[in-house]
Amino acid sequence: MTQTIEELFQENKVPKFRLKQLQHAIYKDLITDYDEISTFPQWLKDKIKEAKIPLTTMELIESHRSGNTVKFVLKTHDGHFIESVLIEHKDERKTVCVSCQVFCAVGCKFCATGANQYRRNLTTEEIVEQVLFVSRYLKHQEVRVTNVVYMGMGEPFLTYKPVSESLLMLNSPDYFNIGARHIVVSTSGIVPRIYDYAEIGIQAKLAISLHAPNQKLRSEMMPISDRYPLDDLMKACDYFVEKTGKRISYEYVLIGNVNDQIEHARELVELLIDRKAHVNLLVYNPHEFADYKMPMEKDVIAFRNYLKTRGIEVTIRKSMGDDISGACGQLSGKQLDKKKNKAVFAQREFFDGDLEIKDKSKSPAKA
Ligand code: SF4
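Computed from a prediction, not measured in an experiment: that's the story for all the values here.

Scoring rules and cut-offs
- Residues numbered from 1 in each chain as written.
- Predicted model: local features only at pLDDT ≥ 70, side-chain atom pairs only at ≥ 80, totals over all residues.
- Heavy atoms only, no water.
- Salt bridge = Lys/Arg side-chain N within 4 Å of Asp/Glu carboxyl O.
- Helix = DSSP H or I, 4+ residues; strand = E, 2+ residues; numbered from the N terminus.
- Buried < 20%, exposed > 50% of the residue type's maximum accessible area, 1.4 Å probe, protein only.
- Axes fitted to C-alpha atoms, helices over the stretch in contact; angles between N-to-C directions.
- Parallel < 35°, antiparallel > 145°, perpendicular 65-115°, else oblique.
- Contact = heavy atoms within 4.5 Å.
- Nonpolar A, V, L, I, M, F, W, Y, C, P; charged D, E, K, R; others polar.
- Pairing = 2+ DSSP bridges.

J.: Before we move on, can you summarise the pattern of salt bridges with the specific residues and values?
T.: Within this structure, the stated rule accounts for 14 salt bridges. In this structure, glutamate 88 and arginine 65 form a salt bridge, with 2.4 Å as the shortest nitrogen-oxygen distance. Linking glutamate 88 in strand β3 (residues 81-88) with arginine 65 in strand β1 (residues 59-66), this pair joins segments that are 23 residues apart in sequence. Under the relative-accessibility criterion, glutamate 88 is labelled buried at 10%. Looking at arginine 65, the relative accessible area reads 44%, which means it is partly exposed.

J.: Help me get a handle on the packing of helix α7 (residues 191-198) against helix α10 (residues 230-244), residues and values and all.
T.: Where α7 contacts α10, the axes come no closer than 9 Å and their chain directions differ by 0°. Of the possible angle classes, the one that applies to α7 and α10 is roughly parallel. Together, Val191, Ile194, Tyr195, Tyr197 and Ala198 of α7 and Asp232, Leu233, Lys235, Ala236, Cys237, Tyr239, Phe240, Lys243 and Thr244 of α10 make up the contact between the two elements. Counted by class, the contact of α7 with α10 contains 10 nonpolar, 1 polar and 3 charged residues.

J.: An account of the pairing of strand β2 (residues 69-75) is requested, with residue identities and associated values reported.
T.: Extensive coverage of β2 is indicated by the burial of 6 of its 7 residues. Once β1 ends, the chain turns through 2 residues before running back antiparallel as β2, passing glycine 67 with a positive phi of about 65°. Across 7 bridges, β2 lies against β3 in antiparallel orientation. For lysine 71, the partnering residue across the bridge sits in β3 and is valine 85. In textbook terms, the turn of a hairpin is the stretch between consecutive antiparallel strands, and for β2 and β3 this stretch comprises 5 residues, one of which, glycine 79, has a positive phi near 90°.

As structure tokens, then:
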């Protein structure tokens, strides 16, 4: 087993301040090789290299761009592939969407991630490293990651410890110094962790993958709703708002003839009218893992208008490229092509948090 850097420092009686210097070199200078550490003596760099201690636990396999979106495929030390996404907005913002699990155990019926077998939670380091890889990618532009959304593979609140630890690291001036207001965690509704998150102590935001305006329909689409019913979820949301003063984003993927009719919009208004809420409507794009249809353009517009005219803040989120579609507010599944030993992406669902694109009259169904 490879020695850790701490063990190596101890063995060689390296003073503790060197760890701080290393941290600075990795997260501030964004080095990709130990040789680039300007503050280390050569003998120390040689020792680290001799011990073959990797700079990161994951490896970047590939990155590819689609419009203003860049996808990064990373391989974990135990051979899993995960994906992170960078969105380069028209303004200065650079948003990273991170994964927190290898696939997902929640099993929402419309989601390709949930259709794949859950493997394991990512560690704190693995979550933070996703931002690190993207930061390195941006280094040549001399810009930094400004926003992070936990909307990739997995349910963040089923792996709360690494998620909360990574979030604090991203926010810390010693690491990425990303403003808490620019960090969003999205959950399918793991109620106890919403209470915990309300107490996290920094002003990070919350998004709820709602997708249905009543318990019956939500339960059909999202089995997690049987465990954490809608009433309990909304009570937890109210607590979060009371505690933090922060508005919650409610993600609602419009699926043809499932949850996209005016009767659903009416129920959604009833649910949210007295709440500090913003609704993000996403247009479902069909994929091989679920038997659901894309909504009709007229229904998307009617749904949006119904909400808007009744005082609900609502935005239709734009697709981030032809191969990416707005659906569950999460990245969705990818298949691992074992023969080629590379990740092959199925339909990807992506939403970039409450960060982008004001509502336009143009239908996203045509986007
Ligand atoms: S929508 Fe989110 S919580 Fe549901 S299965 Fe997909 S990744 Fe998991």
